[in-house]
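# Report on the structure
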Amino acid sequence: MLAALSRCWAPLSRRPLLLVPARGRKSRHDPPAKSKAGRLKVPPPVDPAELLVIAERYRQYRLIVRGLRAEFKQEVLQKQQEEQLLSESGQAAKEAHRKLMEWNNAENERMQRKREERLRGEEEELQEQKLQGALSHARFMEDFLKEKEREVLQLQEEAKNFITPENLDQRIEECLDNPCNYNFAIDKEGRVARRSMLS
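Positions within a chain are numbered from 1, following the residues in the order the chain's sequence is written. This being a predicted model, a pLDDT of at least 70 is required before a residue's local features are given, and a value of 80 or more before pairs of side-chain atoms are given or counted; all residues contribute to the totals for chains, interfaces and linings. With hydrogens and water stripped out, all remaining heavy atoms of the structure feed into the side-chain values.

As recorded by an unreviewed UniProt entry, the protein chain carries the name Small ribosomal subunit protein mS26 and is attributed to Pelusios castaneus. UniProt positions are given in the numbering used here, feature names are shortened, and annotations may be inferred rather than shown by experiment. What UniProt records for the protein chain under Sequence similarities (unreviewed entry) is the sentence "Belongs to the mitochondrion-specific ribosomal protein mS26 family." The annotation that UniProt attaches to the protein chain under Subcellular location (unreviewed entry) is "Mitochondrion".

Shown next, in the form of structure tokens:
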């Protein structure tokens, strides 16, 4: 025993190439131990009621598994038959697909024509709206320019009465010659009732 342990703990470089069983187990060819040489293996006792319950449960389990296997087998066979039918009716399916694609292409062309007509109508309506907007803007600008010209003419007319350094002496003389008295009272009819004299 000590020799075996010393072999297990020996460094790797000094170990022999023999494989030591793990955890001290015997190999298949070793005889039984001397203490167990005459021992007879007796199975543990089985309760008959428990054995009946277990047997019934195993029977139900086998029935369920057999049913599931039959179900899966039927599904696999059905898929195989469908694939075979599809491969046999491949030409018919291709023809049906071709007809559907032709119908789809015709429908796409019809919808494309309809869409182009709608877009053309929208484009014409947009052009007309732009034209109307341009005309209304031109009318607005024309009215605006006329208004500005009228204001300029009015300012030019008013500028004739402005006081400038050239006519300042003349305007002062006119004001002194024609004094205005704003200190007066009026009656209910709007006539001047009383006027105070300028100082």
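## Thoughts on the environment of R171
We count a stretch as a helix when DSSP gives it H or I for four or more residues in a row; a strand needs E for two or more, and each element gets its number in order from the N terminus. By the element assignment, R171 lies in helix α4 (residues 168-177). Burial classes follow relative accessibility: with a 1.4 Å probe on protein chains only, a residue under 20% of its type's maximum area counts as buried, one over 50% as exposed, and anything between as partly exposed. By relative accessible area, which is 25% here, R171 ends up partly exposed. Residues R171 and N161 lie 10 residues apart in sequence; the distance between their C-alpha atoms is 9.8 Å. Here, residues are in contact when the closest pair of their heavy atoms is within 4.5 Å. Aside from chain neighbours lying at most four places away, what touches R171 is N161, F162 and I163.

## Concerning the side chain of N167
Relative to the helices and strands, N167 resides in the loop between α3 (90-159) and α4. Given a relative accessible area of 17%, N167 falls into the buried group. In the analysis that follows, any N or O atom pair within 3.5 Å is treated as a polar contact, provided that within protein one partner can donate a hydrogen and the other can accept it, and provided that, for residues neighboring in sequence, both atoms belong to side chains. Of note is the side chain of N167, whose polar atom sits 3.3 Å from the backbone oxygen of F162.

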